[in-house]
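# Residue-level structure breakdown
Residue strings, one per chain:
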Amino acid sequence: MEKPIDPTSTAAWSKLVELFSNFDADFAGWFSADPKRVETFTYTAGSLHVDLSKSYLTPEVRDALLQLAEETQVFDRRDAMYAGEHINVTEDRAVLHTALRRPADDELTVDGQDVVGDVHEVKNRMYDFARRVRSGEWRGVTGKPIRTVINIGIGGSDLGPVMAYEALKPYVKDGLECRYISNIDPTDVGEKLRGVDPETALFIVASKTFTTLETLTNARQARAWLLQQLAARGVEDATAVAKHFVAVSTNLEKVAEFGIEPENAFGFWDWVGGRYSVDSAVGLSLAIAIGPDNFDDFLHGFHLIDQHFASADPAENVPLLMGLLNIWYVNFFGAKTHAVLPYSQYLHRFPAYLQQLTMESNGKRVRWDGTPVTTATGEVFWGEPGTNGQHAFYQLIHQGTQLIPADFIAFANPTYALRDGEADQHELFLGNFFAQTKALAFGKTADEVRAEGTPEEIVSARVFPGNKPTASIMAPALTPSVLGQLIALYEHITFTQGAVWGIDSFDQWGVELGKQMAKDLGPAIAGDEAALAEQDPSTKALITYYRKHRQ
């Protein structure tokens, strides 16, 4: 891969510096001066309706940002990703999560492998297995059909599936339930197994290498629980593990050692990063829950946005524009965080999912050639569903001293059409969605506050400065396709930012150090005095406290 271009050395960056020096956010003035502002800055991508008119975009800023993308070769890097070039340079790997949702008649050969053919071979096996579980053909050791699917993974092998399962609960087959175990804290295993019937439980162990410490520790606990519970019912069968455990892994030897039949292992590839893997075999629990047809719809949604990002005119390319806007906010306005606020309870895990996608991808301090970055990179993504967040942290966004760009997400049609007396409850709900972006944009002046009869001594406390940037994303309904579109949208937003910054958005070395140290500390925690003596004073004191108080 060629040496990354320093964005601060480009003509576009100089233009943005100049624009920023004279920039005065004035939504009221902008909308008054330009009756077509909404039309100019509203876009369509797949089923998504995206209104950026209340963002810090002007035609001049938009053009300079697009020039920045051109000068930092974002489009070349995008095309290289789609073609399977090894743009993950620190691991010498292709980056092909977009291949996971390509149609079967597409052609893509990378490193001598028929990538699309490989993807559909695994997908067909997944779908066959999902149908067997859903129909009751696959049964536990006592002959009962599966009622509870328990996914054991961590990071991308957990965050994606659990987020998508929660988002698509209306599509889950009646009588099926999914649970997700990720934390090595034994509480997680204990709580997730509470009330589960071992005879109708199916465990999916998701670990590419089948060596992930947290996942394998939890898997062993689940296996011990299963055998103990079955034995208490008088069931002692050597095939029990094989009837109740399957794997998402490529390490067939270790899968077999665990007791899982290798033919019940579903693989994926090193060109799929964990945080990009929910649409691979890692999504097996979701495919079982919502069924192959809906999972295909989910994949189609991803593909719609992949095609949009690959081919839409830059001035109409939604993920490109939103990624460039984030560059504008982070590098020029000093924004440290970014709120994602879904007005849908089903998306309550979506901000947490985006935390890994964005922060693990772009939380980097060196560029892909190992040289230091020349700008701030990454931002803290966070959020909660509306209207809950309105009663928690919106105060900071409205009247705090920090600039916090926010993405608002909502759907025209609810899953449950309820009424509160004569009022449509969904309309009451969306009234908050519309009101919040309006209030953030236009605020309330001191004169407006005084006109309400407010005592002068508290006027300043009730002023809303406004001119806070937001993006509004809407769709007709939260379907599997729309969820896939939303995920792909943020994948490509993340890609755009990383490409401008010149960083490798697809490795995650920052995750490794703490994991290795945790293993190395094992002897000291277990009582090895010599190992304890080697620790720094703080770590030694903390371990000593633990050992003293552990009962």
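Residues numbered from 1 in each chain as written. Predicted model: local features only at pLDDT ≥ 70, side-chain atom pairs only at ≥ 80, totals over all residues. Heavy atoms only, no water.

An unreviewed UniProt entry annotates the protein chain as Glucose-6-phosphate isomerase originating from Actinobaculum massiliense ACS-171-V-Col2. Per UniProt, the protein chain carries the Catalytic activity (unreviewed entry) text "alpha-D-glucose 6-phosphate = beta-D-fructose 6-phosphate". For the record of the protein chain, the UniProt heading Subcellular location (unreviewed entry) holds the text "Cytoplasm". (UniProt positions renumbered as here; feature names shortened; annotations may be inferred.)

## Digging into the packing of helix α14 (residues 318–333) against helix α19 (residues 480–501)
The geometry of α14 relative to α19 is characterised by a closest axis approach of 8 Å and an angle of 50 degrees between their N-to-C directions. Between α14 and α19, the crossing angle belongs to the class labelled oblique. Here α14 runs over α19; the crossing is right-handed. Across the interface between the two elements, Val 318, Pro 319, Leu 320, Met 322, Gly 323, Leu 324, Asn 326, Ile 327, Val 330 and Asn 331 from α14 touch Leu 489, His 492, Ile 493, Thr 496, Gln 497, Val 500 and Trp 501 from α19. (Axes fitted to C-alpha atoms, helices over the stretch in contact; angles between N-to-C directions. Helix = DSSP H or I, 4+ residues; strand = E, 2+ residues; numbered from the N terminus. Parallel < 35°, antiparallel > 145°, perpendicular 65-115°, else oblique. Left-handed = near helix turned anticlockwise from the far one by under 90°. Contact = heavy atoms within 4.5 Å.)

## Some details on the pairing of strand β14 (residues 470–475)
Two faces, one strand: in a regular strand the side chains alternate between the faces of the sheet. With six of six residues buried, β14 lies mostly within the body of the structure. When strand β11 (residues 406–411) meets β14, the two strands line up parallel, connected through six bridges. Counted as the bridge partner of Ala 410 is Met 474 from β14. (Buried < 20%, exposed > 50% of the residue type's maximum accessible area, 1.4 Å probe, protein only. Pairing = 2+ DSSP bridges.)

## Details of the pattern of salt bridges
Scanning the entire structure with this criterion turns up 23 salt bridges. Among the ionic pairs, Asp 197 bridges to Arg 233, the shortest N-O distance being 3.0 Å. In this pair, Asp 197 is assigned in the loop between α8 (186–193) and β7 (201–206) and Arg 233 in the loop between α9 (213–232) and α10 (240–244), connecting sequence segments 36 residues apart. Note on Asp 197: relative accessible area 25%, which makes it partly exposed. Judged by relative accessible area, which is 42%, Arg 233 ranks as partly exposed. Beyond isolated ion pairs, a larger network of salt bridges with shared partners links Arg 101, Asp 279, Asp 306 and Glu 491. (Salt bridge = Lys/Arg side-chain N within 4 Å of Asp/Glu carboxyl O.)

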